[in-house]
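Now for the letters of each chain:
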Amino acid sequence: PSPVSSVKKGKITKNSISLSWQEPDRPNGIILEYEIKYFEKDQEMSYTIIKSKETTITADGLKPGAVYVFQIRARTAAGYGGFSRRFEFETSPVSVAASSDQSQIPIIVVSVTVGVILLAVVIGFLLSGSCCDHGCGWASSLRAVAYPSLTWRCGYSKAKQDPEEEKMHFHNGHIKLPGVRTYIDPHTYEDPNQAVHEFAKEIEASCITIERVIGAGEFGEVCSGRLKLQGKRELPVAIKTLKVGYTEKQRRDFLGEASIMGQFDHPNIIHLEGVVTKSKPVMIVTEYMENGSLDTFLKKNDGQFTVIQLVGMLRGIASGMKYLSDMGYVHRDLAARNILINSNLVCKVSDFGLSRVLEDDPEAAYTTRGGKIPIRWTAPEAIAFRKFTSASDVWSYGIVMWEVMSYGERPYWEMTNQDVIKAVEEGYRLPSPMDCPAALYQLMLDCWQKDRNSRPKFDEIVSMLDKLIRNPSSLKTLVNASSRVSNLLVEHSPVGSGAYRSVGEWLEAIKMGRYTEIFMENGYSSMDAVAQVTLEDLRRLGVTLVGHQKKIMNSLQEMKVQLVNGMVPL
Ligand code: ACK
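Residues numbered from 1 in each chain as written. Predicted model: local features only at pLDDT ≥ 70, side-chain atom pairs only at ≥ 80, totals over all residues. Heavy atoms only, no water.

Draft legend 1. Representation of the site of the ligand. Close contacts around the ligand come from 14 residues, with Ala238, Thr286, Glu287, Met289 and Ser293 the closest. Taking Glu287, its main chain carries an N or O atom lying 2.9 Å from a nitrogen atom of the ligand. Within the backbone of Met289, an N or O atom sits 2.9 Å from a nitrogen atom of the ligand. Contributing elements (two or more residues each) for the shell around the ligand: strand S11 (208-216) and strand S15 (283-287). Top contributing element to the shell around the ligand by residue count: S11, with 3 residues. (Near = heavy atom within 4 Å. Polar contact = N/O pair within 3.5 Å; in protein donor to acceptor, adjacent residues only side chain to side chain. Helix = DSSP H or I, 4+ residues; strand = E, 2+ residues; numbered from the N terminus.)

Draft legend 2. The side chain of Ser52, seen in detail. Tracing the backbone shows Ser52 in strand S4 (residues 46-52). A polar contact is formed between the side chain of Ser52 and the backbone nitrogen of Glu54, at a distance of 3.1 Å.

Draft legend 3. Representation of the packing of helix H11 (residues 438-447) against helix H12 (residues 458-470) within the structure. Between H11 and H12, whose axes approach to 11 Å, the crossing angle comes to 175 degrees. Here H12 runs roughly antiparallel to H11, going by the angle between their axes. On the side of H11, the interface is formed by Ala439, Leu440, Leu443 and Cys447, while H12 contributes Ile461, Met464, Leu465 and Leu468. Here the contact of H11 with H12 is composed, by residue class, of 8 nonpolar, no polar and no charged. (Axes fitted to C-alpha atoms, helices over the stretch in contact; angles between N-to-C directions. Parallel < 35°, antiparallel > 145°, perpendicular 65-115°, else oblique. Contact = heavy atoms within 4.5 Å. Nonpolar A, V, L, I, M, F, W, Y, C, P; charged D, E, K, R; others polar.)

Draft legend 4. A look at unusual backbone geometry. The peptide bond linking Lys280 to Pro281 adopts the cis configuration, its omega dihedral lying at 5 degrees. Of note, Pro281 is situated in the loop between strand S14 (272-276) and S15. Phi is positive for Tyr412, close to 60 degrees, though the residue is something other than glycine. Following the sequence through the fold, Tyr412 ends up in the loop between helix H9 (390-405) and helix H10 (417-425).

Draft legend 5. View of the environment of Pro1. Mapped onto the elements of the fold, Pro1 is located in the segment before strand S1 (7-12). A relative accessible area of 19% places Pro1 in the buried class. On a C-alpha basis, the gap between Pro1 and Ile31 in space is 7.9 Å, while along the polypeptide they are 30 residues apart. What Pro1 contacts, discounting residues up to four positions off in sequence, is Pro24, Arg26, Pro27, Asn28, Ile31, Ala74, Arg75, Thr76, Gly79, Tyr80, Gly81 and Gly82. (Buried < 20%, exposed > 50% of the residue type's maximum accessible area, 1.4 Å probe, protein only.)

Draft legend 6. Geometry of the environment of Leu19. One can find Leu19 in strand S2 (residues 17-21). For the pair Leu19 and Ile57, spaced 38 residues apart in sequence, the C-alpha to C-alpha distance is 5.5 Å. Once residues within four sequence positions are removed from consideration, Leu19 is found in contact with Val7, Lys8, Lys9, Gly10, Thr55, Thr56, Ile57, Phe70 and Phe89.

Draft legend 7. The arrangement of the sheet that holds S1 in detail. Spatially, S1-S2-S5 is the arrangement adopted by the 3 strands of the open sheet, whose pairing is antiparallel. Of all strands in the sheet, those with a lone pairing partner are S1 and strand S5 (56-59), marking the two edges. Here the strands of the sheet are splayed against their neighbours by 25 degrees on average, with no regard to which way each runs. As judged from the 4 bridges shared by S1 and S2, these two strands associate in the antiparallel manner. Directly across from Ile12, in S2, lies its bridge partner Ile17. (Pairing = 2+ DSSP bridges.)

Draft legend 8. Geometry of the side chain of Ser396. Looking at the element boundaries, Ser396 is found in helix H9. Once residues lying within four places of it in the same chain are set aside, the contact partners of Ser396 are Leu334, Trp377 and Thr378.

Draft legend 9. Seen up close, the pairing of S11. The pairing of S11 with strand S12 (residues 221-227) spans 7 bridges and is classified as antiparallel. From the neighbouring strand, Ile210 faces S12, where its bridge partner is Gly225. A loop of 4 residues connects S11 with S12, the two strands running antiparallel in sequence, and Gly220 in this loop sits at a positive phi of about 160 degrees.

Draft legend 10. Geometry of the sheet that holds S12. Strand order in the open sheet made by the 5 strands is S11-S12-S13-S15-S14, with antiparallel pairing throughout. A single partner strand is all that each edge strand has here, and the edge strands are S11 and S14. On average, each strand axis in the sheet is tilted by 25 degrees relative to the strand beside it, whichever way the strands run.

Draft legend 11. Main features of the nonpolar core. Phe264, Leu294, Ile317, Phe352, Tyr397, Trp448 and Leu465 are the most contacted members of the largest nonpolar core, which has 80 residues in total. For Tyr397, the contacting residues outside a window of four places in its chain are Leu314, Arg315, Ile317, Ala318, Leu334, Cys447, Phe458, Ile461 and Leu465. Of all hydrophobic cores here, the second largest spans 20 residues; its members include Ile36, Ile57, Leu62 and Ala74. (Core = buried A, V, L, I, M, F, W, Y, C linked by side-chain atoms within 4.5 Å.)

Draft legend 12. Representation of helix H3 (residues 192-199) in the model. Residues of H3 that are buried include every one of Ala195, Val196, Glu198 and Phe199, and no others. Angularly, the buried residues of H3 cover 160 degrees about the axis, an arc narrow enough to put them on a single face. The distance from a side-chain oxygen at the start of H3 to the backbone nitrogen of Asn193 is 2.8 Å, and the residue carrying that oxygen is Asp191. (Arc of directions from axis to C-beta.)

Draft legend 13. Inspection of the pattern of salt bridges at higher detail. The final tally for this structure, using the stated rule, is 21 salt bridges. The partner of Lys240 in a salt bridge is Asp351, with the nearest N and O atoms 4.0 Å apart. Taken together, the residues Lys240 in strand S13 (residues 235-241) and Asp351 in the loop between strand S17 (347-349) and helix H7 (356-359) connect sequence positions 111 residues apart. Assessed through its relative accessible area of 28%, Lys240 is described here as partly exposed. Beyond isolated ion pairs, a larger network of salt bridges with shared partners links Glu35, Lys51, Arg73 and Asp265. (Salt bridge = Lys/Arg side-chain N within 4 Å of Asp/Glu carboxyl O.)

Shape is all these values report; function is a separate question.
Listed below in structure tokens is the structure:
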């Protein structure tokens, strides 16, 4: 959406300012909500954000006779638009009582204020050295004043005026650009329980209804269900549970994800509703994403989307990643399987963990240095010497682009991890997916620059994708079919006569034609699909004779070797 251009003041009291505004000139979609940021003039480090579905709000709890700066932005399913320009409004001065001696009043006000401040500072110093956990908001606010560099506050409270409004206060004690928040590693907390309650709301188990199991996570089942918080609408949610008999470390790692997720607030980052830690099972509750993981979703809907829809998905992921990199968070496991997609095709980055990347991703493999890394998605410098940065996330983003444009194809197909490392080191890169706009493939190649400083930054990627979306004809030029060195399984097949045009032809050539029907019935109807077959799949298809299994797997293996030659030298 374009920025909100006109904002009008409504009722003003000594503690509140009411505002109304017009919908942006170019909403570019349905406006889902507005975000209103305000702060006292010249106090930008401490600001408040209110979210509202209406075009009016009342900011209350303000100081009398003070000037406040307001900025508003709108959000559609595609994300936030730019903030409006700054609008300044002043609260009314303290009402002067009809006193016989009015000249005394300012003096009394000043004295009382000075007295309160002095008292506060004294209490603050006393408390900061002793008790004061995160629960005593008054004391910890004082502590924030006393020790700005040690404290970061993110309170959350429901605005009183409108049930549709949500209000957040940020007090950023870190020395940073105004308004930019930084990710805090929950490891820096001595007590991980404190971290989780700092960043996540505790939810009562009675507010949650579990409906069905939708998958398995490393720590236990993932379920779908409903969340009904008092005074709020019932929400569909996903619930991750921690299986019984967990160790203290497992509990810490499990809740670590909530401590990370709870620090983020962005339309392309999976939203944390809260955690259940006071009863068992321990749970993490997030927004529900109807279409599940992006990789599975794309495989199920092969060829079903327009290029603009695919680029829209990529734009969302890039925008979420820009937010994470701005916050100083490096994901390390960006892959289509870790992106969730909802019924509006909005993609959100998920799967945040501490050592999790090293534990629960089936794609992560042990390297010679002992770390566990999802090789196919990881930049060479991160594999070689664990240099994980936002630039290595950009490399992974290029792989996600490739996965999206090829509808969930496995990067580097069935090449072994060792072959992938070698090929990439030698300068080979994945070829363009079929029917891929040249501009997008060029962007992928840019993300896979060996020199990490030469890779684009996430904000550049977002701008580039925005440009392409605004000018769809720029997506019409596809990578030239003859220069597109694809996974030329067919053209490069070394077995028998060379090119196999169909699965049937290939199976006949290796004298396994009897399995053609079963392959076709089970979705292995193209040579690309066949390339994914594993021994386990063969068993499942009923190929039980070891001799036949060997024949098929060997033939596939030979073709895979050829795939390396199908990659593009830079
Ligand atoms: O591909 P899926 O259906 O999407 O299977 C996996 C499974 O749980 C294990 O991770 C699904 N899943 C995880 N988080 C969510 C969520 N927030 N909304 C919907 N599905 C989810 C994921």
